[in-house]
Amino acid sequence: MFDTFIKFITHERFIKTVIILALLIAIYFVFKNILNKILNLQTKRVNIDIKKFNTLRTLFVNIAKYFLIFIGILIILNECGVPVATIVASLGVVGVVIGLSLQDILKDFFSGIFILIENQFSVGDTIEINGFKGEVVFLGLKSTRIKKYTGEILIVSNRNITEVINYSKSNSLAMVDISISYGEDIDKVQDILNKTCEKLSSEINNLKGNVEVLGVEKLADSSVVFRITALTKSMMHYDVQRIILKEVKKALDK
């Protein structure tokens, strides 16, 4: 029995199979290391968070692992005399049928991968898709969910996301228009606004610059319109606008 075992492990086919399997395992680990380095560089370049990094790494590593396992099985079957060519041809036909029936799911899957890789948007970002604006509450490889501020949730397949407006990628601009009666002294009004905005620049949180009075924006039918602007953190302009309106009203009342 021992002689039979020795004969088996020293057989040319067995040695060849072991070498090929060892080569496949080496390819797997090399691919895994290269993938980690590429994803690390991509993460630093576009600020992909750690959850996305782990999702992408796990996804690609598993694809590579199962592909190499499949190749290894075919090699072993071939060395055992099984007609691999026939099996591959049969799998090809089955694969085409499955691919056609699942093509929409595959499109969603790959679209989700590219959304993650390109960092188009993340959970927590405020985006707009086909006129629907809201916060991203779920980002998966098949679908994305966006919640509007009024509570509605849009569930959209990733393959249908072709154009996205992301409001969270850069700073926002708070813009306030103040209407003043034509009978008021506009120089005095501007002086009050300048002092108020200078004070607000040091008091309001979430600012990325000073609160500034641009001056007279337009002459309306019954009022002179002054415009005030302030650069804010992403999507914080609404809060800043409310504060400016409140404080300007109090200053003008005085």
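It should be noted that the structure appears before, not after, this text.
Calculation rules
Here the residue index of a chain counts from 1 through its sequence in written order. A pLDDT threshold of at least 70 governs which residues receive local features in this predicted model, and a stricter bar of 80 or more applies before side-chain atom pairs are shown or counted, although totals over entire chains, interfaces and linings include all residues. To obtain the side-chain values, all non-hydrogen atoms of the structure were used and water was disregarded. Note on classification: 1.4 Å probe, protein chains only; a residue is buried when its accessible area is under 20% of the maximum for its type, exposed when over 50%, partly exposed between these limits. Runs of H or I in DSSP of at least four residues are treated as helices and runs of E of at least two as strands, each being numbered from the N terminus. Only strands joined by at least two bridges in the DSSP assignment are considered to pair. For this analysis, residues touch if any pair of their heavy atoms sits within 4.5 Å. Orientation is described by axes fitted as lines to C-alpha atoms, over the contacting stretch for helices, and by angles from 0 to 180 degrees between their N-to-C directions. Residues belong to a common nonpolar core when they are buried Ala, Val, Leu, Ile, Met, Phe, Trp, Tyr or Cys residues joined through side-chain atoms within 4.5 Å. A cavity here means a set of 1 Å grid points, computed over protein atoms only, where a 1.4 Å probe fits but cannot escape. A pocket is an open set with protein on both sides within 12 Å along at least 5 of 7 lines, and lining residues have an atom within 4 Å of a point. Grid points are joined across faces, edges and corners, and a volume is the space filled by probe spheres set on the points. By the convention adopted, Pro, Cys, Tyr, Trp, Phe, Met, Ile, Leu, Val and Ala count as nonpolar, Lys, Arg, Asp and Glu as charged, and the other residues, Gly among them, as polar.

Q: What's the story with the pairing of strand β8 (residues 224–232) in this structure? I'm lost.
A: The side chains of a regular strand alternate between the sheet's two faces. Burial runs high along β8: eight of the nine residues are buried. Pairing of strand β6 (residues 172–180) with β8 involves nine bridges; the strand directions are antiparallel. Along β8, the bridge assignment pairs Leu173 with Leu231. Note: strand β7 (residues 207–219) against β8, eight bridges, orientation antiparallel. What sits directly across from Val211, in β8, is Ala230.

Q: How do you make sense of the environment of Val156 when you look at a structure like this?
A: Positionally, Val156 belongs in strand β4 (residues 153–157). Taking the C-alpha atoms as reference points, Val156 and Arg145, eleven residues apart in sequence, are found 6.5 Å from one another. Other than its neighbours up to four places away in sequence, Val156 contacts Ile129, Ser143, Thr144 and Ile161.

Q: In this structure, what is going on with the sheet that holds β7? I would like to understand it.
A: Through backbone hydrogen bonds, the strands of a sheet pair up, either in parallel or in antiparallel fashion. One open sheet accounts for three strands, arranged β6-β8-β7; its pairing is antiparallel. Here the strands that pair on one side only, and so sit at the sheet edges, are β6 and β7. Strand-to-strand twist across the sheet, computed as the mean angle between neighbouring axes with direction ignored, equals 20°. Packing of helix α6 (residues 186–201) onto the sheet brings it into contact with β6, β7 and β8, and relative to β7 it is tilted by some 165°. Packed on one face of the sheet, helix α7 (residues 237–253) meets β6, β7 and β8 and runs near 25° to β6.

Q: I keep staring at the nonpolar core and nothing clicks. Help me out?
A: Ranked by size, the top nonpolar core spans 19 residues in total, and within it Val211, Ile228 and Ile244 carry the most contacts. Among the elements of the structure, β6, α6, β7, β8 and α7 are those that each provide at least two residues to this core. Leaving out residues up to four positions away in the same chain, Ile228 has contacts with Ala174, Met175, Val176, Ile178, Leu193, Cys197, Val211, Glu212, Val213, Ile244 and Val248. Counting residues in each nonpolar core, the second largest holds eleven residues, with Ile129, Phe132, Ile146 and Ile161 among its members.

Q: Would you mind showing me how to read the sheet that holds β4 here?
A: As summarised here, the arrangement of the five strands in space is β4-β3-β2-β1-β5, forming an open sheet in which the pairing is antiparallel. Sheet topology places β4 and β5 (165–166) at the edges, where each strand pairs with a single neighbour. Inspection of the sheet shows strand β2 (residues 132–139) paired to strand β3 (residues 143–147) by four bridges, in the antiparallel sense. Bridging across to β3, Phe138 finds its partner in Arg145.

Q: Can you help me understand the layout of surface pockets in this one?
A: Where empty space is left becomes clear once a probe the size of a water molecule has been rolled over the atoms. The computed volume of the largest pocket comes to approximately 240 Å³. Lining the largest pocket are Thr126, Lys133, Gly134, Glu135, Lys147, Lys148, Tyr149, Met235 and Tyr238. In terms of residue count, β2 provides more of the lining of the largest pocket than any other element does, three residues in total. Split into classes, the residues belonging to the lining of the largest pocket amount to three nonpolar, two polar and four charged.

No statement about biological role is implied by the geometric values presented.
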